[in-house]
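# Inside the fold
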Amino acid sequence: MNTGLRITAFAAAIVATFGTAYGVGASIDPVVAEKPPAAHDEHAEAGGEEAEGGHDGGSGEGGGASGAAGGLQISEGGYTLALDTPRVAAGKSTTLRFSVKDDSGRSLTSYVREHGKELHFIVASRDLTVYRHLHPTRAADGTWSVAAKLPAAGGYRAFADFKPGEKGAKGITLGADLAVSGKSEPAALPPVRATAEVDGYQVTLDGALSPGKARELKLSVSRNGEPVTDLQPYLGAYGHLVALRAGDLAYLHVHPNGEPDDGVTEPGPEVSFTATAPSPGAYRLFLDFQHKGEVRTAAFTVDVPTAGAGESKEREESEESGSHGH
């Protein structure tokens, strides 16, 4: 298995400069940038939820074996993501409202609960330095709403990851642009690092992504140099991973290999995923994990080489390892 990640500085001179993540309200998970995020009450509540159902749609959840990229279209499979608040002001608390419309224009009200939620709503800045995994609530008429406070101006992408309640429906990830008004400047994609720091925790990434090929990623959580062996379930798992491709923000959503109480999976320090990159390029990975009632997010930049380059490197490492063994 690949144990290293190639370092790259991928300049994304896109829309906005975003610094560290900020707490954004009781229903919002923090993002890890350079400073620790604030705690949120809902995190403790979310930890008690159990996963229901699988996910076989465009998000690539359920192991990511297909490597399909989602979130590039606002409409897919007869459904459309309709943002009622497509523009908000930077740094101000606001309520994001949206709905999922069917072909006849009616709001969808029947969903399959997956990983404890009917719908997962994620907002990320175009430069991938701001990430929010939000937990909206649905009204009877199908309108979703959630409080949010986005820290800086620029372009964002909103993702709705869900599975319609109709029989035989597959999971879908829809994406729509969200504008945050105010002064903005270009920002570079954060550099590749194998370890992320957040609120006294260290998360180490071991493994690599390959285009069109399923690979294992292992993320190990420690605190003050000691392994964390009592991670708490969050959305039915010990970790929740989202990958976004730099440039177009193609969305790849996977979950761990194993789940709590399956008799095999340990509550840390390691959380294992199987994921497939849809193409070469730079990606940003966001790992949500819960410990002591609080959810934190560790963020990583990874570089996915072309298939040939990755295979050549694998052969070289394998040959080197073999020669050492003689």
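Worth saying up front: this structure is predicted, and the values here are computed from it rather than measured. (Residues numbered from 1 in each chain as written. Predicted model: local features only at pLDDT ≥ 70, side-chain atom pairs only at ≥ 80, totals over all residues. Heavy atoms only, no water.)

## Comments concerning the sheet that holds strand 19 (residues 294-304)
Taken in spatial order, the 4 strands line up as 16-15-18-19 in an open sheet, and their pairing is antiparallel. Since the sheet does not close on itself, it has two edges, and those belong to strand 16 (251-254) and strand 19, each with one partner. Put simply, the sheet's adjacent strands are angled 20° from each other on average, direction ignored. The pairing of strand 18 (residues 281-291) with strand 19 spans 11 bridges and is classified as antiparallel. Pairing of alanine 282 across the sheet is with aspartate 303, part of strand 19. (Pairing = 2+ DSSP bridges. Helix = DSSP H or I, 4+ residues; strand = E, 2+ residues; numbered from the N terminus. Axes fitted to C-alpha atoms, helices over the stretch in contact; angles between N-to-C directions.)

## Focus on empty space enclosed by the protein
If a probe the size of a water molecule is rolled over the atoms, the empty space left behind becomes visible. Under the definition given, this model contains 2 cavities of 30 Å³ or more. In this structure, the second largest cavity encloses a volume near 30 Å³. Forming the boundary of the second largest cavity are Leu209, Leu217, Leu241, Val242, Ala243, Leu252, Val254, Ala275 and Leu285. Contributing elements (two or more residues each) for the lining of the second largest cavity: strand 15 (240-245) and strand 16. For the lining of the second largest cavity, the element with the most residues is strand 15, which contributes 3 residues. When its residues are assigned to classes, the lining of the second largest cavity shows 9 nonpolar, no polar and no charged. (1 Å grid on protein atoms, 1.4 Å probe; cavity = no way out; pocket = protein on both sides within 12 Å on 5 of 7 lines; lining within 4 Å. Points joined across faces, edges and corners; volume = space filled by probe spheres on them. Nonpolar A, V, L, I, M, F, W, Y, C, P; charged D, E, K, R; others polar.)

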